[in-house]
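Observations on chain architecture
The lines below spell out each chain.
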Amino acid sequence: MEFNFLWLLSLPVFFGLGWLAARIDLRQLLRESRRVPQAYFKGLNFLLSEQHDKALESLVSVAHNHPDTVELQFALGSLFRRKGEIDKAITLHQSIVARQDVTEEIRSDALEALGHDFLKAGLFDRAEDAFTRLLSTNRSTAAKEALLGIYQQEREWPKAIDMARQLSDTPHAWQAEVAQFHCELAHRAMSELDWPTATLNLEAALNVHRKCVRATIMLGDLALAQKLPEEAIKIWRRVESQDAEFLPMVAERLLRTYEQQSRLDEGLALLKGLYLSHPSLDLLEHIIHGELQQGRLNDAYVLLKDELRRQPTLAGLDQLLQVQLQVVPVERRADLEQVRQLVHQHADRLNMYSCKHCGFKARQYFWHCPGCATWESYSPQRYRALA
Ligand SMILES: [Zn+2]
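So, here's what we can say about the structure. (Residues numbered from 1 in each chain as written. Predicted model: local features only at pLDDT ≥ 70, side-chain atom pairs only at ≥ 80, totals over all residues. Heavy atoms only, no water.)

Around the zinc ion, the donor atoms from the protein are Cys-355 (SG), Cys-358 (SG), Cys-369 (SG) and Cys-372 (SG), and they sit 2.3 to 2.4 Å away. Every donor residue of the zinc ion comes from the same chain, spaced as C-x2-C-x10-C-x2-C. Of this pair, Cys-358 sits in the loop between β1 (353-354) and β2 (361-362) while Cys-372 sits in the segment after β2, and the two are 14 residues apart along the sequence. Using a relative accessible area of 39% as the deciding quantity, one classes Cys-358 as partly exposed. (Donors = N, O, S within 2.8 Å, 3.2 Å for Na, K, Ca; no water. Helix = DSSP H or I, 4+ residues; strand = E, 2+ residues; numbered from the N terminus. Buried < 20%, exposed > 50% of the residue type's maximum accessible area, 1.4 Å probe, protein only.)

Right, dumping it as structure tokens:
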């Protein structure tokens, strides 16, 4: 086969074309980079070095001279909101929503940002309006989650139930939360002595989330309020099979109800049986209280000693010393009292409920954490082990 040497002559032409293309791209790039104002880079630098005030100053000047730069307007809006200048963030995001030359996607972004601005400003009605407008867009899940947050803050439980049910096909099923919303409605109904509404809501809570201990506790309270103590005891005992960790929360109710029927020993026997299967100082505390009430100091002392052996805690030691004080001879009492006071001071600092989600501590038990607004995040047991 004969090779045509003329093809070799075309090689420099190809190289030349490649070189030309590269030059054109380079020129294009240079032209574009010259178009980006210097103040923009200055703003970025300030942002990266966390100097938000200076960043804002530079970026505002860019935005003023280039009002069509939507991304920059978003960055500014978020900066304004973070700095607490909500009115400026609102004006910025509103101006993007009102623009005719932006895509639906950008308008939705601006609407979502606007909703969060209103939320931060505490203007819940206007935030609700912004998120409701997003329900028909591809941001509907984020909008529903934001609306659910608003309804919880506003304690609008029926709306919260409806919204959480709409979100039930998301990875988080919201069953525990819906049950809690029903409990809140039942709580409201009980304070108005509206037993039928309370019953309906508590049953609805258990239907949606059968492990909802709060609903069971409240059903027992409801039975007691209707003068049905036997029924109340029967209901509270169900907590053992639901979640035994919560037994201390019904222990006091059980003892008080047995006591009112002059059957305190029967109640104590029931709690001791529960304690054997699910030992905890929180539960034992109620048994000790009952034993002391019945004048059985020695039984209380032995129970506390065994508990300390099982799980050494300052709170347990504090209670043991308290019982011991009542049995020691008078001449030893002053010394022991001094030791007990010291232990009590330290134990008291640890006797707190704690949120498993954010670590917020409180003396009172919360079904809804005041720190992070999570439901059922508090452990029902308080005491910390020494070791
Ligand atoms: Zn929390």
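Our next topic: the environment of Leu-135. Among the secondary structure elements, Leu-135 is positioned in the loop between α7 (124-133) and α8 (140-153). Taking the relative accessible area as the measure of exposure, Leu-135 reaches 28% and is therefore partly exposed. Along the sequence, Leu-135 and Leu-147 sit 12 residues apart, while their C-alpha atoms lie 9.9 Å from each other. Residues contacting Leu-135, with those up to four places away along its chain left out, are Ser-140, Ala-143, Lys-144 and Leu-147. (Contact = heavy atoms within 4.5 Å.)

Another point: the layout of surface pockets. In this structure, the largest pocket encloses a volume near 480 Å³. If you trace the largest pocket, you find 23 residues lining it, with Met-249, Arg-253, Tyr-365, Phe-366 and Trp-367 closest to the centre. Elements supplying a minimum of two residues to the lining of the largest pocket: α10 (175-191), α12 (213-225), α15 (247-260) and α17 (281-293). Taken as a whole, the second largest pocket encloses approximately 300 Å³ of empty space. Counting residues per element, the ones that place at least two in the lining of the second largest pocket are α15, α17 and α19 (314-325). Counting residues per element, the lining of the second largest pocket draws most heavily on α17, at 7 residues. For the lining of the second largest pocket, a count of residues per class yields 5 nonpolar, 7 polar and 4 charged. (1 Å grid on protein atoms, 1.4 Å probe; cavity = no way out; pocket = protein on both sides within 12 Å on 5 of 7 lines; lining within 4 Å. Points joined across faces, edges and corners; volume = space filled by probe spheres on them. Nonpolar A, V, L, I, M, F, W, Y, C, P; charged D, E, K, R; others polar.)

Summed over the entire model, instances satisfying the criterion amount to 9 aromatic pairs. When the centroid spacing of 5.7 Å and the interplanar angle of 75° are considered together, the rings of Phe-181 and Trp-375 count as edge-to-face. Linking Phe-181 in helix α10 with Trp-375 in the segment after β2, this pair joins segments that are 194 residues apart in sequence. Considered together, Phe-181 and Trp-375 belong to a single accessibility category, that of buried residues. Put simply, the rings of Phe-246, Tyr-353, Tyr-365, Phe-366, Trp-367 and Tyr-378 pair up and form one aromatic cluster. (Phe/Tyr/Trp six-rings, centres within 6.5 Å; stacked < 30°, edge-to-face > 60°.)

The subject of this paragraph is helix α4 (residues 70-83). Taking 1.5 Å per residue, 14 residues should reach 20 Å; α4 reaches 20 Å between its end C-alpha atoms and fits that length. Along α4, the residues classified as buried are Val-70, Leu-72, Gln-73, Phe-74, Leu-76, Gly-77, Leu-79, Phe-80 and Arg-81. (Expected span 1.5 Å × (residues − 1).)

Positive phi values are uncommon outside glycine, yet Arg-155 reaches one of about 55°. With respect to the helices, strands and loops of the structure, Arg-155 is situated in the loop between α8 and α9 (157-166).

Under the defined criterion, the tally for this structure stands at 28 salt bridges. With a closest N to O distance of 3.2 Å, Arg-139 and Glu-105 form a salt bridge. Of this pair, Arg-139 sits in the loop between α7 and α8 while Glu-105 sits in helix α6 (residues 104-121), placing them 34 residues apart in sequence. On the basis of relative accessibility, which here comes to 15%, the residue Arg-139 falls in the buried class. (Salt bridge = Lys/Arg side-chain N within 4 Å of Asp/Glu carboxyl O.)

Looking at where Glu-177 falls in the secondary structure, it is placed in helix α10. Of the side chains with opposite charge, Arg-165 lies nearest to the buried Glu-177, which makes no salt bridge, at 11 Å. If we ignore the near neighbours within four places in the chain, the residues touching Glu-177 are His-172 and Trp-375. (Lys, Arg positive; Asp, Glu negative; His and termini not counted.)

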